[in-house]
Structures are given as C-alpha cells and as structure tokens.
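# Remarks on the overall topology
Each chain is listed here by its residues.
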Amino acid sequence: MVAEMAMQIDTIDNGTGLRGALDEVSHRDMANAIRALAMDAVQRANSGHPGMPMGMADVATVLFTRFLKFDSARPDWPDRDRFILSAGHGSMLQYALLYLTGYGDMTLDELKSFRQIGSRTAGHPEYGHAAGIETTTGPLGQGIANAVGMALAERMLNTRFGDEVVDHYTYVIAGDGCLMEGISHEAASLAGHLGLGKLIVFFDDNEISIDGPTSLAVSDDQLARFEANGWHVDSIDGHDPDLIASAIEKAQSSGRPSLIACRTVIGFGAPTKAGTASTHGAPLGADEIAGTRKNLDWPHAEFEVPSRILEAWRAAGGRGADESAAWEARREALDASIRGEFDRQLAGRLPDNWQAPLEAFKQKIIDEKPSLATRVSSQKVLETLTEILPELIAGSADLTGSNGTRVAAHSDVAPGDFSGSYIRYGVREHGMAAAMNGMSLHGGVIPYGGTFLVFTDYCRPAIRLSALMEQRVIYVMTHDSIGLGEDGPTHQPVEHLASLRAMPNLNLYRPADAVETAECWQLALESSDTPSVLALSRQGVPTVRDSLSDENLSAFGAYVLAPAPITHQVTLIASGSEVSVVLAAQEQLRGRGIGASVVSMPCWDLFARQSDEYQQEVLGSQTLRIAVEAAVTFGWERWIGHDGMVIGMHGFGASAPAKDLYAHFKITPEAVVEAAEARL
C-alpha cells in the first residue's frame, strides 16, 4: 500500500503555479523532505514522534506552498494566516516546515538538537522558542481551542478595522487525541455557533493512537459530530495533493468553520511500521529508516536536503513577501487616528493616562465607604475601563450576572456579528480559557472571562498554558470561599487558592475591598507577560482603606493596612474578605492590651518579589504572626514563620448562610483573639 501511494504521489504535478525552483520540484520530493527530517531528528534524539509528521507531510506541503499566507522573513506580520499544530507531539512537522521555508532562527543545527536542552526544538512546540510557533501545544485539544480564540479575534478585529488590514485564516492540524479530549467538544460547539468561517481544521485521520488502533477506545463519527455543531465537513485521501487543495478551496468558500478529515498512513513510507502504533511515539530505528529512504526514493544522507528541493521550499517561504508589502501600504493608507489605534492595540500598549478613571473611582470609594462584594466592585471597575480600553474583550461561562463581567457599554458577540465585545461562552469553562489564550496570542485584544473560582479546576490546563506562554489573560473568578454560602461544598473552593498560588508565573489577586479591587485590575492589565486570577467574593465586605495612596499598595503584594495602635506584639495577616475579620480582631486585642498590626496580602506572588527588608518590615520580625484565610492553610507557613499559626479551613465546607459558616469553622475575630492570647 505504501509503495503504491508513493508511486501515485510521484506522478502528480504540484500545481502550484509558482515560478522558478518551486515549479521544478515535485510535490513528492517536497513532502519527502519533511518526512526525512522528521525521522532523522527523532532518531538522533532517540525520542519523539515521527509517525504524524510523515503521515501529514502531504497536507502540510499543499498548505504551505499553495494556500498559507505568510512571509518567513516577517514572522510577526499581523495579517498572516495562523498555523496551529494542535497535535503537538508531531512537532518535527512544524520544525521541518520552519527550517525548509526559511525562518531565520530555525536552522539545521536546531533540528539536529531536537529535544535537547537549550534548543528551540522542544519536544512539543513552545510559543516564544522560535518564530512561526503561534502557540504552545502538546496537551491535546488545547491547540484547536486556541485556534477558535484566534479565529474569533480575527473576526472581531476585522469588524473594527476592515478587510484592508485584517483578513486571514486560521489553520489547524489536529489528531484523534485532540478530538477525543473534551475541550475539543467545547471549542467545536462554540466555533460552530458563532460561524467562524475562517477556521479550517485538518483532522489527521490515521486511525492510530499510542495504545494501537483508535477502534480500541473510540467509534465516533467525527464528521457527523462536527456537522451537527454547524461545521462544513469533508473527507479526503490525505496523500493526494489535488484532493487536499480542492478540499481547502471548498472550505474557504463554505462560510462555516471546516473540518477536513484526511485519511493518512502514520509513518508513511516506513517498510514494516507504517500504519502501526510503533511509529507514533518512538524512533523508527536505523534499519527501518534505511528501508524508508528506499521506499521514498530518498537516497540522501541524514539531515541532507538537496539544494533544488530546499530552494523550492525557500521560494514557498517567500511567497507572501509581496502580499506583506501590499498590506503595509494599506496600513499606511489608513486614517492616521485609526492607524494609531490599530498599531497600539496590536502592540498591546495601554493608552496614555488610562489609569486616571481608576484613581477617581478609588477616591469615590474612600469617600463613600460602601460595603460591596468584590465581584460587584470588579464590575464597577470595568464600567470605568470598558470605554477607554476597547481592546478589552469580556465574557463569562454562563455566569454573567454572578461574575459581574458585563457592563452597560457591552454588546454581545453573536453568530455572524462580531461588532460586540462580550462573548457568551456558555457552560464551556475549559473552552473559554483556551480560547482566551488564542485571542491573546493573536494580538490586538486583552481577554478576560469569568466563572466561579471552584471551576478553575475545569480551566486549569489552559490557565497553566497562559502562564507558560506568558500571556496577559485575566480570569475573573468569583465566589471565592465558603462565603458563597448555601451552594455548599461542591461550589465552595477551599484548596484552589493554594493550588493556583503554586503555579509559576501566575498572579493570584484576592482583594479586600473595592479599592484593592481597582488596584488589582490595574496590575492585571499592566502585566503584559503574566496571566492573572482575580479571586472575588460573593458576600459584601466593608471598605478597609481609609485614604488614597500615591502608590498602588497592592503592587507590593502585601502592606501594613493598620499599624499596631499600642506596643506591637502580633501581626495579623489576611487576604480578601478575611481582612475585615482581622481588623475587628485588632480592635478586640487592643481592648485587652495587646497591640496588633493588620497586613492585607492581596497577592503572594508580588510580595515574594519584594526585598527581605520590606517583607520583614511588613510582617514584623519580632512579633507573633497569625494568618487568617477562609481556605486550606497550606502554604501560609512561608509567611508566618515557625512560631506563627493559621486560622482557616481543614476540610471541605458546608451548605449554610455565609455568616453561619464563618462561625461554624471558627474564622472569626474571637477565634483570632483566642489564638493570640494562647500563643502569647
């Protein structure tokens, strides 16, 4: 079968219509260059996945030589088509394409260093490691969900700035594993609902997974599934370049998101392993590689690509140069004010003096001293920001009213209408989080989305990738403790704060009042390379700040909110809604002759970056430290020292009004006083 398919491909003209070197080299030779580089790199690394790159080489060759709009000399061209390898285990497919098409930082030496320390060619594609890698993939399904966000961002920016500067496709290669993952269902449903017609997914339908034939675990009709979600679907021989090209043309004109199921042979060309699971996640071996070279009529040495074939690929990499230059001329022709705003948003720069409304908001709060749930405070902050930051793209996973993520200035994004800035994600928390990653990666927008803090469990894989990729994605997570009350332990997060604080490069903010909420929003928006989680209360909390500071005090991570009124013996530390608890405890301790300071700690991560001197000044080096938080106590030992203590949760919550729950679990001023007196 493999030999017959190789002969068939050899007789098909590439049909590219390009001049020079590209016209003189067959499709088969160009695709085989990918196969050879993939199997050689995996063999040298003694680790990796050669089968998928070898199987999808024909699809990739047609896409990159005939359809994909890109310029390898200008990898950051804003109107380039996006290519996402959702099946990230087949990373050598992407690395081979980047090298062959002439991306400057993807050299042959990088391919030879596949999966080695310090190389750009990690085991799975990592955003930022090399130009042309649009997103970090590997956890299956994330890439296709990122692509939904990219395609959505493209349509929204197109509506705002026009076809002249925003008009491109998002292409994805996904495997069986991507489509098995639950996130793909959320992503496909959302894309179909919104009608994202410039999203095209190639399904590598090779019927093989790591364990063996996919029939061991799945019998889904993927075409019927995607068609039911409102997609255009097609099924083709993934080794026939003419059929591949025809399918892409049909997808481009369908007006709907498209799934093209490409029946391929995993490990195409391997004499004994093609079409089997043994090519999925292991090197082919020297003998199998020798046989593959013979089957493919590829007599060249390891990592050798003949100059005529490499020149043809480099010609493909330069196909978009004229289009890129024409785009630049169109951008220059925009009205100056529109061009300035377009450039600003794409660069991710916030407008001048954007913080001024926040300062006015904070002063108003200090003057009026309302008792507001911090989720309500967040909504009020957003009311001040939405009109001055048009790049803010909001949404919620079917909890809009509870999260407070929508304000009066918002209008909804709807099927076929991308003029709004509020996305109804539905009950698709994981899909929402991954789509926001895609939107951020696309550029031009700053996404935020809401659900309950307990449902960060559903979002966590995407939150982790936000952190890994250093993306400014803002997660508005409300109902942050047992304080949510009657919904009970299924909805009361107790371990989630500790879990999220453990994640590198993620800022978790838990503001104590409306002033801190405004400060935390400012920090989240200014953190261009760090995602943020805003953990916000359901229940009302008093205003605890009584004066406006020239500095953003939350930026220190923790600060002395209320100094000890008499001789300093105790430092009370809290975050969020428990700050008001320790303020009340401070007064009771004063009445008993014990001086206590109160420290508000809205962000551990930022406090950890402060100097030792500042930390000791805030925490009190010679005092008893007591931390209070309506969550598990894990991690607080970092701040309280050996002699300190934590008042918090030691198990799950319960269903009852919030006030009763705080009393039941002894997270009260009285409990704090009792603990201080016992320790002193």
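Residues numbered from 1 in each chain as written. Predicted model: local features only at pLDDT ≥ 70, side-chain atom pairs only at ≥ 80, totals over all residues. Heavy atoms only, no water.

### Comments concerning the packing of helix α5 (residues 57–67) against helix α6 (residues 91–101)
The geometry of α5 relative to α6 is characterised by a closest axis approach of 11 Å and an angle of 40° between their N-to-C directions. Crossing of α5 over α6 shows right-handed handedness. Of the residues in α6, those in contact with A57, A60 and F64 of α5 are L93, L97 and T101. In terms of residue class, the contact of α5 with α6 is made up of 5 nonpolar, 1 polar and no charged. (Axes fitted to C-alpha atoms, helices over the stretch in contact; angles between N-to-C directions. Helix = DSSP H or I, 4+ residues; strand = E, 2+ residues; numbered from the N terminus. Left-handed = near helix turned anticlockwise from the far one by under 90°. Contact = heavy atoms within 4.5 Å. Nonpolar A, V, L, I, M, F, W, Y, C, P; charged D, E, K, R; others polar.)

### Digging into the sheet that holds strand β19 (residues 624–632)
Reading across from one edge, β16-β18-β17-β19-β20 is the order of the 5 strands in this open sheet, with mixed pairing throughout. In the strand order of this sheet, the two ends are held by β16 (559–562) and β20 (645–649), each with one partner. The average angle at which neighbouring strand axes cross in this sheet is 30°, direction not considered. As judged from the 3 bridges shared by β16 and strand β18 (residues 595–600), these two strands associate in the antiparallel manner. What sits directly across from Y559, in β18, is S600. Lying on the sheet, helix α24 (residues 579–591) is in contact with β16, β17 (568–574), β18 and β19; it crosses β18 at an angle near 170°. (Pairing = 2+ DSSP bridges.)

### Some words on the side chain of H410
Tracing the backbone shows H410 in the loop between α19 (400–403) and β10 (422–424). Once residues within four sequence positions are removed from consideration, H410 is found in contact with T386, A394, T405, S421, Y422 and Y448.

### Comments concerning the nonpolar core
One finds Y171, L199, F202 and W313 to be the most contacted residues of the largest nonpolar core, which totals 139 residues. If we ignore the near neighbours within four places in the chain, the residues touching W313 are M30, A33, I34, T61, F64, T65, L97, L100 and T101. Counting residues in hydrophobic clusters, the runner-up holds 49 residues, among them I482, A596, M601 and I667. (Core = buried A, V, L, I, M, F, W, Y, C linked by side-chain atoms within 4.5 Å. Buried < 20%, exposed > 50% of the residue type's maximum accessible area, 1.4 Å probe, protein only.)

### Details of the environment of E24
Note on placement: E24 falls in helix α2 (residues 21–24). When the C-alpha positions of E24 and I309 are compared, they lie 8.9 Å apart, and in sequence the two are 285 residues distant.

### Digging into the environment of D40
For D40, the position within the fold is in helix α3 (residues 27–45). Here D40 falls in the buried class, since its relative accessible area comes to 3%. Once residues lying within four places of it in the same chain are set aside, the contact partners of D40 are I289, R293, A301, E302 and F303. Side-chain polar atoms of D40 contact the backbone nitrogen of F303, separated by 2.9 Å. (Polar contact = N/O pair within 3.5 Å; in protein donor to acceptor, adjacent residues only side chain to side chain.)

### A short note on the pattern of salt bridges
One pass over the full model with this rule turns up 32 salt bridges. Among the ionic pairs, R308 bridges to D29, the shortest N-O distance being 3.0 Å. Separated by 279 residues along the polypeptide, R308 in helix α14 (residues 307–317) and D29 in helix α3 bring together distant segments of the chain. Judged by its relative accessible area of 14%, D29 is buried. Close ionic contact of R331 with E328 constitutes a salt bridge, the shortest N to O distance being 2.8 Å. Of the two residues, R331 and E328 both sit in helix α15 (residues 321–333), 3 residues apart, roughly one turn of that helix. The exposure class of R331 is buried, given its relative accessible area of 11%. Look at E328 and you get partly exposed, because its relative accessible area is 22%. Through salt bridges with shared partners, a single ionic network connects R74, E328, R331, E332 and D343. (Salt bridge = Lys/Arg side-chain N within 4 Å of Asp/Glu carboxyl O.)

### Regarding the pairing of strand β7 (residues 258–263)
Among the 6 residues of β7, 5 are classified as buried, and the element is accordingly described as predominantly covered. Of the pairings in the sheet, the one linking strand β3 (residues 199–205) to β7 comprises 6 bridges and is parallel in character. Across the sheet, the residue bridging to I200 is S258, located in β7. Inspection of the sheet shows strand β6 (residues 232–237) paired to β7 by 6 bridges, in the parallel sense. In the strand pairing of β7, V233 is matched with L259. One crossover worth recording links β6 to the parallel β7 by way of helix α12 (residues 241–252), and it is right-handed. (Right-handed = clockwise from strand over helix to strand, strands pointing away.)

### Overview of unusual backbone geometry
Positioned with a positive phi, F303 is a non-glycine residue whose angle comes to about 65°. With respect to the helices and strands, F303 occurs in the loop between α13 (286–295) and α14. In this model, H479 sits at a positive phi of 60°, which is unusual for a non-glycine residue. The topology assignment puts H479 in the loop between β12 (474–478) and α22 (496–501).

### Observations regarding the sheet that holds β10
On the basis of which strands lie adjacent, the open sheet formed by 6 strands has the order β10-β9-β11-β12-β14-β13 and parallel pairing. In the strand order of this sheet, the two ends are held by β10 and β13 (507–509), each with one partner. Within this sheet the neighbouring strands show an average axis-to-axis angle of 20°, counted without direction. One ladder, built from 5 bridges, connects strand β11 (residues 446–452) with β12; its direction is parallel.

### Quick notes on the confidence of the model for the protein
In the predicted model, the protein carries a mean pLDDT of 96, and the fraction of residues at 70 or more is 97%. This stretch, residues 1–19, has a pLDDT under 50; its non-local contacts, to residues over four places away or in other chains, come to 38 contacts. (pLDDT = per-residue confidence, 0-100.)

### Quick look at helix α16 (residues 336–347)
In a regular helix each residue adds 1.5 Å, so 12 residues correspond to 16 Å; α16 covers 16 Å between its end C-alpha atoms and thus fits that length. Within the span of α16, buried status applies to F342, R344 and Q345. Along the axis of α16, the buried residues cluster in a sector spanning 165°; they form a single face. Lining the buried residues of α16 we find α8 (142–161) and α15. One or two steps after α16, the chain reaches G348, where phi turns positive at roughly 75°. (Expected span 1.5 Å × (residues − 1). Arc of directions from axis to C-beta.)

### Some words on the packing of α24 against helix α29 (residues 669–679)
One can describe the packing of α24 onto α29 by two numbers: an axis separation of 8 Å at closest approach and a directional angle of 50°. As far as their axial angle goes, α29 and α24 are oblique. Here the hand of the crossing between α24 and α29 comes out right-handed. Between α24 and α29, the contacting residues are V581, A584, A585, Q588 and L589 on the first element and P669, E670, V672, V673 and A676 on the second. Tallied by class, the residues present in the contact of α24 with α29 amount to 8 nonpolar, 1 polar and 1 charged. (Parallel < 35°, antiparallel > 145°, perpendicular 65-115°, else oblique.)

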